[in-house]
Number of protein chains: 4
Amino acid sequence: MKNLKLASREIAQRTVVNVAGVEIGRDFVVIAGPCSVESEEQTLETARAVKAAGADMMRGGAFKPRTSPYSFQGLGIAGLKILEKAKKETGLPIVTEVIDPRDVTWVAEFADVLQIGTRNMQNYSLLKEVGRAGRPVLLKRGMYSTLEEWLNCAEYILSEGNPDVILCERGIRTFEKYTRNTLDLSAVPAMKELTHLPVIIDPTHSTGRVSLIGPMSLASVAAGADGLLVEVHHNPEQALCDAEQALTPEQFKQIMNRLRPLKAFIDQQEKSEVI
Amino acid sequence: MKNLKLASREIAQRTVVNVAGVEIGRDFVVIAGPCSVESEEQTLETARAVKAAGADMMRGGAFKPRTSPYSFQGLGIAGLKILEKAKKETGLPIVTEVIDPRDVTWVAEFADVLQIGTRNMQNYSLLKEVGRAGRPVLLKRGMYSTLEEWLNCAEYILSEGNPDVILCERGIRTFEKYTRNTLDLSAVPAMKELTHLPVIIDPTHSTGRVSLIGPMSLASVAAGADGLLVEVHHNPEQALCDAEQALTPEQFKQIMNRLRPLKAFIDQQEKSEVI
Amino acid sequence: MKNLKLASREIAQRTVVNVAGVEIGRDFVVIAGPCSVESEEQTLETARAVKAAGADMMRGGAFKPRTSPYSFQGLGIAGLKILEKAKKETGLPIVTEVIDPRDVTWVAEFADVLQIGTRNMQNYSLLKEVGRAGRPVLLKRGMYSTLEEWLNCAEYILSEGNPDVILCERGIRTFEKYTRNTLDLSAVPAMKELTHLPVIIDPTHSTGRVSLIGPMSLASVAAGADGLLVEVHHNPEQALCDAEQALTPEQFKQIMNRLRPLKAFIDQQEKSEVI
Amino acid sequence: MKNLKLASREIAQRTVVNVAGVEIGRDFVVIAGPCSVESEEQTLETARAVKAAGADMMRGGAFKPRTSPYSFQGLGIAGLKILEKAKKETGLPIVTEVIDPRDVTWVAEFADVLQIGTRNMQNYSLLKEVGRAGRPVLLKRGMYSTLEEWLNCAEYILSEGNPDVILCERGIRTFEKYTRNTLDLSAVPAMKELTHLPVIIDPTHSTGRVSLIGPMSLASVAAGADGLLVEVHHNPEQALCDAEQALTPEQFKQIMNRLRPLKAFIDQQEKSEVI
């Protein structure tokens with residue numbers, strides 16, 4: 001694609017992003033946790049549960065970009081400190097969103113991976129800032145953006161000197177109303193031919209329905225994704241956001257039980273014959 | 001969903017459509033062949049190739065709904081006779097599109113399955129006619145239609161007395177330009193909870209790119225689809241339509257080599273634990 | 001646009017479609033009436049009201065393509081006979097939809113203009129049939145189709161020998177939920193540079209809200225549209241379809257009172273200076 | 001709409017935003033100028049031309065959010081100083097975009113109105129900052145956002161204490177390719193019933209075609225818009241961005257010659273009868 005330099009597949013075959021030993025782009029990486037950090041109890045309980053089920057990293061939002069200014073906006077620094085505790089206890093690296101360029105430096109002290117949310121994909125000031133933060137960046141696709149625009153946003157980060165960008169497809173906005181968004185799973189093989197960066201799938205925000213998360217997680221493995229970003233809450237009914245789409249720890253465990261063996265099977269197939 | 005009676009999941013768990021022994025909804029069924037029947041040689045060669053690679057049924061269009069009135073519109077009855085020959089030789093049942101209610105009765109003489117294309121999904125006269133044709137119907141999703149509208153179109157067919165409807169997701173129209181359409185793979189598990197009818201995937205028209213067909217075929221299996229409808233041409237470069245998206249027989253064979261073992265693996269997983 | 005021959009602006013400046021003396025493409029033409037013909041009383045009352053308010057033609061559906069097979073599908077021939085009576089009394093030419101190629105010939109006996117609905121825009125069998133029917137055709141834009149596809153459908157009709165095609169923009173499907181569809185008013189000047197055919201606007205189905213019909217009707221005049229197709233019902237609350245979007249005769253009259261003077265003003269502006 | 005407090009129509013009939021005597025929401029206000037400030041000569045020449053043609057305010061970007069990091073990103077403070085000169089000479093108030101919350105305070109020293117671009121509509125940190133900047137804000141609709149989301153973003157600004165928000169519809173992203181975006185003109189009367197804030201139209205970015213700007217500007221007046229934001233460049237062929245969609249001063253003048261009389265005519269109509 002025109003304009004692309006550092007993100008282009010032409011300059012590398014594949015990038016492996018190393019986060020405290022977790023190798024995104026080599027291993028199949030599962031990042032799980034609540035939409036937002038609500039309390040120490042909720043976060044620690046969920047952290048233990050996803051760790052036990054085999055998650056590689058933990059997600060949790062301390063800053064929540066919400067449609068309404070009157071909705072819960074996250075706990076801020078208090079939330080980050082809770083995440084720090086959860087990391088200490090479980091050893092799981094932390095993925096957390098940053099929404100303001102002025103916060104990047106200090107949030108990076110708590111985060112192993114800085115997440116850029118779908119509404120901020122084209123927030124270029126923020127992209128430039130995380131490009132200089134010395135932390136891997138998980139860049140969500142804008143719900144309204146083309147693959148080309150998405151890659152150019154990765155380019156914004158890479159061109160500031162940060163080579164560690166993880167792309168995350170989280171559904172695009174269409175006319176369909178049964179699902180929250182439409183998961184564009186074909187973005188995985190498409191991105192694999194356009195860029196060397198790892199691509200993971202968010203089956204939670206894309207479908208918005210607990211019942212669809214399992215099948216689409218398996219499909220993500222088969223499509224060649226490098227991992228998943230999935231919402232788990234120890235008590236979804238009381239979640240302060242996205243209550244209707246968070247998995248219980250038990251549901252998450254059931255999906256995990258199938259993911260790794262499927263991934264192993266797919267890899268074996270690929271070794272013996274290339275599609 | 002409101003208004004649904006016969007198509008609703010509430011009245012049955014699953015429907016198996018039997019086409020000359022091929023059981024769609026029980027087996028994973030692969031329907032392959034050219035976009036349009038162009039010549040006897042082309043059709044027979046492709047038929048032999050897809051048969052050899054393990055296809056269960058053959059597709060091929062004798063009536064092509066084309067954007068421009070000046071594009072190749074299909075061979076009509078001559079095309080159907082060629083398909084008949086291909087069937088005689090290979091034993092593969094035939095799936096072919098019908099676009100005019102006046103043609104349904106006689107096209108049904110040649111077809112094992114009548115296909116309703118994406119542009120005709122809401123052609124209610126045609127739906128009613130195929131509802132009385134005594135042949136299974138493959139109903140493609142309108143490229144612009146919601147799951148609810150699609151199911152209501154199935155209801156049109158069922159309510160005329162024809163219980164054998166196969167749903168086929170073929171991509172929806174979005175703003176993305178890299179792919180021809182956006183494959184809505186989450187429609188598979190979504191439809192599985194809304195209806196008892198089998199759901200197959202068309203990875204060809206949805207992606208419009210040969211390179212994406214393999215990964216999305218595997219993903220379809222993992223998502224729980226009941227089969228695939230895929231374009232294969234013995235010489236894609238000379239195809240009269242969709243030249244850029246048809247698989248060669250060799251590419252098709254490579255995908256087939258992985259599909260069945262993957263399906264067996266997925267089934268085994270499902271048996272031991274339910275997501 | 002490629003493939004276009006007869007519909008292209010390159011072959012003519014403008015086409016005027018003459019319907020019983022009403023000149024679409026020269027005059028600003030208002031076509032009004034109920035979504036569907038429900039009864040003689042409803043149709044005659046509405047016909048008198050729209051005539052009194054200054055409508056040039058009357059619309060009313062005898063065949064209704066409905067999402068569900070269990071919804072009211074129209075009165076069929078009984079509806080056409082009611083329209084005939086309304087025409088006899090008011091003198092208003094009749095615009096009515098045809099949805100089955102087998103009905104075109106006899107429906108054309110009742111209709112002054114044959115309407116092709118949005119769901120049938122790419123029903124090519126139907127397009128070819130109305131192309132041979134000897135009656136002007138009002139071709140609605142598919143709710144999912146590009147200007148190029150729409151023009152190619154006009155080409156299907158023209159290429160069968162019927163030069164009298166009126167294009168009608170009726171809103172496209174987007175993510176916005178406040179309106180029923182999104183009225184693409186820029187399609188008017190766009191089509192004026194691509195084709196010589198007249199273009200009218202349906203402010204009813206595009207907005208789906210009574211309160212928006214007045215402003216968008218005025219905007220249609222200013223954008224250069226050749227007319228309007230608008231739903232009026234003598235008692236909207238009891239309408240069998242589209243109850244929430246039909247104007248009362250009184251509302252219609254108020255809009256009409258502003259349309260003609262505005263059109264005269266716009267025409268005068270255009271004469272003295274060209275944009 | 002739920003969650004709305006300060007932006008809701010329920011709390012006020014209409015807001016008039018006063019910018020150095022220009023009353024947006026009462027007068028029909030035309031804001032014109034180049035996409036980006038490129039040089040003193042270009043800016044001053046264009047400023048003089050739009051002033052002479054009757055523009056009320058001047059637009060010009062010093063910070064440009066561009067798809068690629070390698071595209072021209074604007075002159076920054078040097079650009080703002082050029083705008084200051086243009087204002088000094090012509091007396092036209094300045095509308096200019098701000099893209100980073102850290103820049104709001106000092107950019108507000110130069111700007112009469114702070115513009116939030118379509119990509120930053122949901123950049124909540126930025127919204128809160130301009131909500132405290134003591135300057136009117138022109139809030140563009142996200143190309144992917146619903147009216148409800150847009151209003152909630154206005155609410156973010158209002159809830160910080162800034163009552164002066166001007167909404168600007170600039171086209172939404174759809175499948176149509178002939179136009180750059182699809183202008184949702186029905187957003188004008190829709191917003192008029194949902195909020196008391198003024199609504200203006202950007203016919204340039206929505207259509208992306210010089211030939212459509214005139215007709216859609218007139219249509220905006222008829223739809224009830226409070227003004228226009230339009231790109232004018234003294235030499236469009238050499239513009240550093242959006243070269244294909246900027247009006248020449250002469251084209252702008254021709255449109256202006258029709259706008260004011262049309263607005264006067266529409267206002268007179270409204271006085272004598274209400275739609």
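Residues numbered from 1 in each chain as written. Chains lettered and ligands numbered in written order. Predicted model: local features only at pLDDT ≥ 70, side-chain atom pairs only at ≥ 80, totals over all residues.

Caption draft 1: Up close: the overall build of chain A. Within chain A, the regular secondary structure consists of nine helices and ten strands. On C-alpha atoms alone, chain A measures out to a radius of gyration of 17 Å, which is about the 19 Å that the 2.2 N^0.38 rule sets for 275 residues. When the backbone C-alpha atoms are referred to their principal axes, chain A occupies close to 45 × 40 × 40 Å. Across the 275 residues that make up chain A, the buried fraction comes to 62%. Counting contacts in chain A only where the partners sit at least 6 residues apart, residues at least 24 apart contribute 68% of the total. (Helix = DSSP H or I, 4+ residues; strand = E, 2+ residues; numbered from the N terminus. Rg over C-alpha atoms; globule rule 2.2 N^0.38 Å. Buried ≥ 20, exposed ≤ 12 C-beta atoms within 10 Å, placed from the backbone. Contact = placed C-beta atoms within 7 Å.)

Caption draft 2: Spatial organisation of the relation of the copies chain B and chain C. Its rotation angle being 180°, the transformation that places chain B on chain C also includes 0.0 Å of axial translation and leaves an RMSD of 0.0 Å. Taken together, the rotation angle and the small translation identify this as a two-fold axis. In terms of proximity to the rotation axis, the leading residue of chain B is B:Tyr144, whose C-alpha is 2.8 Å off the axis. Looking at chain B, 100% of its interface residues are interface residues in chain C too, so the copies touch through the same face. (Least-squares fit on C-alpha atoms with pLDDT ≥ 70 in both.)

Caption draft 3: Here's a closer look at the interface of chain B and chain A. Taken residue by residue, the interface counts 40 residues in chain B and 40 residues in chain A. Secondary structure elements with two or more residues in the side of chain B that touches chain A: α6 (187–194), α8 (210–223) and α9 (249–272) of chain B. Considering each element in turn, the side of chain B that touches chain A owes the most residues, ten residues, to α8(B).

Caption draft 4: Here's a closer look at the interface of chain B and chain C. Taken together, the 24 residues of chain B in the interface contact 24 residues of chain C. Taken together, the elements giving at least two residues each to the side of chain B that touches chain C come down to α4 (124–130) and α5 (147–158) of chain B. Among the elements that line the side of chain B that touches chain C, the one with the most residues is α5(B), at four residues. The class makeup of the residues in the side of chain B that touches chain C is nine nonpolar, nine polar and six charged. (Nonpolar A, V, L, I, M, F, W, Y, C, P; charged D, E, K, R; others polar.)

Caption draft 5: Up close: unusual backbone geometry. All names here are of chain C. At Ala20, a residue that is not glycine, the phi angle is positive and equals roughly 50°. Topologically, Ala20 is positioned in the loop between β1 (17–19) and β2 (22–24). Looking at Ala20, the number of C-beta atoms within 10 Å reads 13, which means it is partly exposed.

Caption draft 6: Region of the structure containing the nonpolar core. In terms of nonpolar packing, the biggest core is built from 365 residues, with A:Leu139, B:Leu139, C:Leu139 and D:Leu139 touching the most fellow members. Each residue touching A:Leu139, except ones within four places of it in the same chain, is listed here: A:Ile116, A:Met121, A:Cys153, A:Ala154, A:Ile157, A:Val165, A:Ile166, A:Leu167 and A:Cys168. (Core = buried A, V, L, I, M, F, W, Y, C linked by C-beta atoms within 7 Å.)

Caption draft 7: Main features of the relation of the copies chain B and chain A. Each copy of the sequence occupies a distinct position, and chain B is placed on chain A by a rotation of 180° and an axial shift of 0.0 Å, giving an RMSD of 0.0 Å. Looking at the interface residues of chain B, 100% of them are also at the interface in chain A, so both copies use one shared face.

Caption draft 8: Main features of the pairing of strand β8 (residues 165–169) of chain C. Residue and element names in this part refer to chain C. Of all five residues in β8, five are buried, a share of seventy percent or more. Burial along β8 is two-sided: the face carrying Val165, Leu167 and Glu169 and the face carrying Ile166 and Cys168 are both buried. As paired elements, strand β7 (residues 137–140) and β8 share four bridges and run parallel to each other. Directly across from Val137, in β8, lies its bridge partner Val165. Considered for its hand, the β-α-β crossover made up of β7, helix α5 (residues 147–158) and β8 is right-handed. Pairing between β8 and strand β9 (residues 199–201): three bridges, direction parallel. Within the sheet, the bridge partner assigned to Leu167 lies in β9 and is Val199. Each parallel crossover has a hand, and for β8 linked through helix α6 (residues 187–194) to β9 it is right-handed. (Pairing = 2+ DSSP bridges. Right-handed = clockwise from strand over helix to strand, strands pointing away.)

Caption draft 9: Representation of the environment of B:Trp106. Residue and element names in this part refer to chain B. On the secondary structure map, Trp106 appears in helix α3 (residues 104–110). Judged by the 12 C-beta atoms lying within 10 Å of it, Trp106 falls in the exposed class. It is 9.5 Å that separates the C-alpha atoms of Trp106 and Ala133, two residues lying 27 residues apart in sequence.

Caption draft 10: Highlighting helix α1 (residues 40–53) of chain A. All names here are of chain A. Given a rise of 1.5 Å per residue, 14 residues ought to cover 20 Å, and the 20 Å separating the end C-alpha atoms of α1 matches this to within 8%. Residues of α1 that are buried: Gln42, Thr43, Thr46, Ala47, Ala49, Val50 and Ala53. Tucked into the core, α1 has its buried residues touching β3 (29–33), β4 (57–59), α2 (77–90) and α9 (249–272). (Expected span 1.5 Å × (residues − 1).)

Caption draft 11: Quick peek at the environment of C:Ile99. Inspection of the secondary structure assignment puts C:Ile99 in the loop between β5 (94–97) and α3 (104–110). For the pair C:Ile99 and C:Arg119, spaced 20 residues apart in sequence, the C-alpha to C-alpha distance is 9.3 Å. Ignoring sequence-local partners within four residues, the contact set of C:Ile99 consists of B:Tyr124, B:Ser125, C:Phe63, C:Pro65, C:Gly117 and C:Asn120.

Caption draft 12: Focus on the packing of helix α1 (residues 40–53) of chain D against helix α9 (residues 249–272) of chain D. All names here are of chain D. One can describe the packing of α1 onto α9 by two numbers: an axis separation of 9 Å at closest approach and a directional angle of 20°. The orientation of α1 relative to α9 falls into the category roughly parallel. The two elements α1 and α9 meet at a crossing, and its hand is right-handed. Where α1 approaches α9, its residues Ala49, Val50 and Ala53 are matched on the opposing element by Pro249, Phe252, Lys253 and Met256. Of the residues that constitute the contact of α1 with α9, the class distribution is six nonpolar, no polar and one charged. (Axes fitted to C-alpha atoms, helices over the stretch in contact; angles between N-to-C directions. Parallel < 35°, antiparallel > 145°, perpendicular 65-115°, else oblique. Left-handed = near helix turned anticlockwise from the far one by under 90°.)

Caption draft 13: Representation of the confidence of the model for chain A within the structure. Looking at chain A, pLDDT values average 96 and 99% of them are 70 or higher. Taken together, the chains of this predicted complex give a pTM of 0.97 and an interface ipTM of 0.96. (pLDDT = per-residue confidence, 0-100.)

Caption draft 14: Helix α2 (residues 77–90) of chain C, seen in detail. All names here are of chain C. An ideal rise of 1.5 Å per residue puts 20 Å on 14 residues; α2 measures up with 20 Å between its terminal C-alpha atoms. As for α2, its buried residues are in contact with α1 (40–53), β4 (57–59), β5 and α3. Of the residues flanking the end of α2, it is Gly91, one or two places downstream, whose phi is positive at about 80°.

Caption draft 15: Main features of the environment of B:Leu197. Relative to the assigned elements, B:Leu197 resides in the loop between α6 and β9 (199–201). C-alpha of B:Leu197 to C-alpha of B:Leu138: the two residues are 59 residues apart in sequence and 11 Å apart in space.

Caption draft 16: Examining the pairing of β7(C) more closely. Residues and elements named next belong to chain C. Because side chains alternate across β7, one face comprises the buried residues Val137 and Leu139, and the other comprises Leu138 and Lys140, equally buried. Alignment of strand β6 (residues 113–116) against β7, held across three bridges, turns out to be parallel. Directly across from Leu114, in β7, lies its bridge partner Val137. Remark: the β6/helix α4 (residues 124–130)/β7 crossover connection has right-handed handedness.

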